[in-house]
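# Descriptive structure summary
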Amino acid sequence: MRALEYTRATSPEQAVATHARNEATAFLAGGTTLLDLVKIDIMQPDRVIDVHALALDQVETLSDGRTRIGAMVTNTGLANHPRIKSDYAVLSQALLSGATTQLRNKATTAGNVMQRVRCNYFRDGVSACNKRTPGSGCAAIGGHNRSVHAVLGTSDQCIATHPSDMCVAMAAIGATVQVQGPNGKREIDFQDFHLLPGATPWKEHALQPDELIKHVTLNAPLAGGKSAYLKLRDRASYQFALASSAVILVMDGQVIREARIALGGVGTKPWRALEAERALRGAAATPENFAKAAAIALQGAKPYAHNAYKIPLGQQAIVRNLTTLGTGAIA
Amino acid sequence: MTDPTEKTSSDPEGSGELFKELTTPSRRNFLRTMGISGMAAATAPVWAQAAQLAPIDDSEKPLAKGEQRITLKVNGQPHTLNVPGNAVLLDVLRDRLQLTGTKKGCDHGQCGACTLHINGQPVNSCLSLAAMHQGDEITTIEGLERNGQLHPIQEAFWAHDAFQCGYCTSGQMMTAAAIIKDPNIGADDASVREAMSGNICRCGAYKNILAAVQDARGKVQGAS
């Protein structure tokens, strides 16, 4: 592994100030993405600022009903937090469906938001990859693109899926990301945080180089809402999603009053399906309406050589989740 | 094939006695058998003494370029070490402290062979820098036993033959010892399989591993 200069941050402000003095610097939290990628020389920092012990490890309910999550709350800690389990079941389930016991004990909330793609051509260090080497091309488009490649939000520069489960639940719930920069704090809407690859796939998020995530704040839970995360994958455990859905439903008898839907495994970013939500609002909870919403969510999907199956699979992930939540039946 | 334990009477060489001794779960025999079953590099005497190694103290040594001085508390023992900034916890334990019970498998957090406890939580030690763990309580497989008594998980792995080559075993046991005490993880078989999916066994001893974990559950204080 390349040489690293290690320093431990004493406060978010100090971490940001230290970062600003050197471009080839990375914040180190759980280490589950960063050290993995440093070992294979895909990420090449000269020094790391360890932020994992900063006092950003609380889950707090704000007076307006929102829930503020410290950046260093572990995936395990967040999934098992009583408030998250009771009011944001979709988030708890999403977290527990990701990675393994050991990795969830290390991985942090901010680190999960910042995790890198799992595309094998990104990770192999030699193939054409516009994320790794801008302008080199995308080996995945004409290559093997079955499991971790998207059908929504792709471009002719990059088709890698965003790998997070947690972020899919956060996209459905709605959230903001609070960041500390050299010139103070700012807030980024979760929907604007992750960027589509477009012509600049190496730009993955809205953070500036010296900015540090301090909190992710979830919208207040929908009153009377029920939620669930459904993850479809090659193995029953410890595998990235081929397709997943985060669904929140508020029912009024047999009628859907409110719906929130986000998709994982099929998009280049955590994929909120706003038009599908609109189609369900005020509609009866019927198989026809669920299928219609699912079709709308995958409208415009573009299949590649090996992943066309993700279009029906993504639709089914929505239908099954809606059916169980909306009618109690198994789809 | 005769039962080897019955050979004793007609076995002046005493190999039956050896077998009997080896099939009785005690810490010493456990270590010896683990050595026999393919972990030859980690011979019994080294393992048996490893947890009680004298503390390492680098505080008199000048720091080399890029090094820093850290204190790691491992199995209750503090060690003061000069390490480079990129020193990985797993490598420091194995190469500096000679605690080779924690294994390097994939080195990327995918196989679980390097699992140990940080403040009671199982984590992959291959994805941690050593310097991140100043002040933490680090427990390795060498520290799982108490006062010369095997941990119930170790006894259960023995009793259920929950390994073949043994390379993943220390990681399996460290995860198992933590999850059976975790109130957030269910006690049913499916929950155990899910919670231990980060420990890969190339020999495929999963059936016996599951049986061992469930058997140990009733014998561990605070197990859920």
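Residues numbered from 1 in each chain as written. Chains lettered and ligands numbered in written order. Predicted model: local features only at pLDDT ≥ 70, side-chain atom pairs only at ≥ 80, totals over all residues.

An unreviewed UniProt entry lists chain B under the name (2Fe-2S)-binding protein, with Pseudomonas coleopterorum as the source organism.

### Observations concerning the overall build of chain A
The criterion, for reference: Numbered from the N terminus, helices here are DSSP runs of H or I no shorter than four residues, and strands are runs of E no shorter than two. Each residue is classed by its C-beta neighbour count within 10 Å, where at least 20 other C-beta atoms makes it buried, 12 or fewer makes it exposed, and intermediate counts make it partly exposed; the C-beta atoms are placed from backbone geometry. Two residues qualify as a contact pair if the distance between their C-beta atoms, derived from the backbone, is within 7 Å.
Scanning chain A for helices and strands turns up 13 helices and twelve strands. For chain A, the C-alpha atoms occupy an extent of roughly 60 × 50 × 35 Å along the three principal directions. Buried residues in chain A amount to 53% of all 331 residues. Look at the contacts in chain A between residues 6 or more apart in sequence, and 64% of them connect residues 24 or more apart.

### Some details on the domain arrangement of chain A
Going by this rule: Domain extents, as shown, originate in an automatic or database domain assignment.
Domain annotation for chain A reports domain 1 (5–52) and domain 2 (225–327). Computed over C-alpha atoms only, the centres of domain 1 of chain A and domain 2 of chain A are separated by 36 Å.

### Digging into the sheet that holds strand E9 (residues 225–232) of chain A
Pairing between the strands of a sheet is mediated by backbone hydrogen bonds and can be parallel or antiparallel. Residues and elements named next belong to chain A. Which entries qualify depends on this criterion: A pair of strands is considered paired only if DSSP assigns at least 2 bridges between the two. Under this scheme, a helix contributes an axis fitted over its contacting stretch, all axes are lines through C-alpha atoms, and angles between N-to-C directions fall in the 0 to 180 degree range.
Taken together, four strands build an open sheet; the order of strands is E9-E10-E11-E12 and the sheet is antiparallel. Looking at which strands have only one partner, the edges of the open sheet turn out to be E9 and strand E12 (271–272). With two bridges connecting them, strand E11 (residues 255–264) and E12 associate as antiparallel partners. Within E12, the residue paired with Ala262 across the bridge is Arg272. Along the sheet, helix H5 (residues 89–96) makes contact with E9 and strand E10 (243–252), crossing E9 at roughly 20°. Packing of helix H13 (residues 310–327) onto the sheet brings it into contact with E9, E10 and E11, and relative to E10 it is tilted by some 30°.

### Concerning helix H9 (residues 166–173) of chain A
All names here are of chain A. Counting buried residues along H9, eight of its eight residues qualify, which places the element largely inside the surrounding structure. Every buried residue of H9 is accounted for by Met166, Cys167, Val168, Ala169, Met170, Ala171, Ala172 and Ile173. One or two steps after H9, the chain reaches Gly174, where phi turns positive at roughly 90°.

### Examining the sheet that holds strand E1 (residues 5–8) of chain A
Residues and elements named next belong to chain A. Strand order in the open sheet made by the three strands is E1-E3-E2, with parallel pairing throughout. Unpaired on one side and paired on the other, E1 and strand E2 (25–28) mark the two borders of the sheet. Each strand of the sheet is rotated relative to its neighbour by a mean of 25°, with strand direction disregarded.

### A word on the packing of helix H5 (residues 152–159) of chain B against helix H8 (residues 206–217) of chain B
All names here are of chain B. Selection criterion: Convention used here: angles under 35 degrees read as roughly parallel, angles over 145 as roughly antiparallel, angles from 65 to 115 as roughly perpendicular, and any remaining angle as oblique. Rotating anticlockwise by less than a right angle from the far helix to the near helix defines a left-handed crossing, while the corresponding clockwise rotation defines a right-handed one.
For the pair H5 and H8, the least separation of the axes is 8 Å and the interaxial angle reads 135°. One way to sum up the angle between H5 and H8 is to call them oblique. The element H5 and its partner H8 pack so that their crossing is right-handed. Here H5 contributes Pro152, Ile153, Ala156, Phe157 and Ala159 to the contact with H8, which in turn contributes Ala212, Asp215 and Ala216.

### As for the interface of chain B and chain A
Note the cut-off: As a working rule, the residues Ala, Val, Leu, Ile, Met, Phe, Trp, Tyr, Cys and Pro are called nonpolar, Asp, Glu, Lys and Arg charged, and the rest polar, with Gly in that last group.
Taken together, the contact pairs 26 residues of chain B with 22 residues of chain A. Looking at the side of chain B that touches chain A, the elements with two or more residues in it are strand E4 (121–124), helix H6 (169–179) and helix H7 (189–195) of chain B. Among the elements that make up the side of chain B that touches chain A, the one with the highest residue count is E4 of chain B (four residues). Partitioned by chemical class, the residues of the side of chain B that touches chain A number nine nonpolar, 15 polar and two charged.

### Thoughts on the environment of Arg281 of chain A
Residue and element names in this part refer to chain A. By the element assignment, Arg281 lies in the loop between helix H11 (274–280) and helix H12 (287–297). By the C-beta count within 10 Å, which is 13 here, Arg281 ends up partly exposed. The residues contacting Arg281, other than those within four sequence positions of it, are Ile256, Glu258 and Ala259.

### Some remarks on the nonpolar core
Residue and element names in this part refer to chain A. Heads up, the condition is: Structurally, a nonpolar core is described as a collection of buried Ala, Val, Leu, Ile, Met, Phe, Trp, Tyr and Cys residues joined by way of C-beta atoms within 7 Å.
With 148 residues, the main nonpolar core has Ala169, Met170 and Ala172 as its most contacted residues. It is H9 that contributes the most residues to this core, eight residues altogether. When residues of this core are assigned to domains, at least three map to each of domain 1 (5–52) and domain 2 (225–327). Beyond its immediate stretch of four places on either side in the chain, Met170 contacts Leu91, Ala175, Phe190, Val216, Leu218 and Pro270.

### Description of the pairing of strand E3 (residues 115–118) of chain B
Residue and element names in this part refer to chain B. Pairing analysis gives four bridges linking E3 to E4, with the strands arranged antiparallel. For His117, the partnering residue across the bridge sits in E4 and is Pro122. In sequence, E3 turns back onto E4 through a hairpin of two residues, with Asn119 there showing a positive phi of about 50°. The pairing of E3 with strand E5 (residues 137–139) spans two bridges and is classified as antiparallel. Of the residues in E5, the one forming a bridge with His117 is Thr139.

### Description of the pairing of strand E5 (residues 67–70) of chain A
Residue and element names in this part refer to chain A. Pairing between strand E4 (residues 59–61) and E5: three bridges, direction antiparallel. Residue pairing across strands places Thr61 opposite Thr67, the latter belonging to E5. Counted along the chain from E4 to the antiparallel partner E5, the turn is five residues long, and its residue Gly65 has a positive phi close to 95°.

### Quick word on the packing of H12 of chain A against H13 of chain A
When two helices pack together, their arrangement is given by the angle between the helix axes and the distance between those axes. All names here are of chain A. Packing of H12 against H13 brings their axes to within 9 Å, and their N-to-C directions diverge by 145°. For H12 against H13, the interelement crossing comes out right-handed. Between H12 and H13, the contacting residues are Phe290, Ala291, Ala293, Ala294, Ala295 and Ala297 on the first element and Gln315, Ile318, Val319, Leu322 and Thr323 on the second. A breakdown of the residues in the contact of H12 with H13 according to their chemical character gives nine nonpolar, two polar and no charged.

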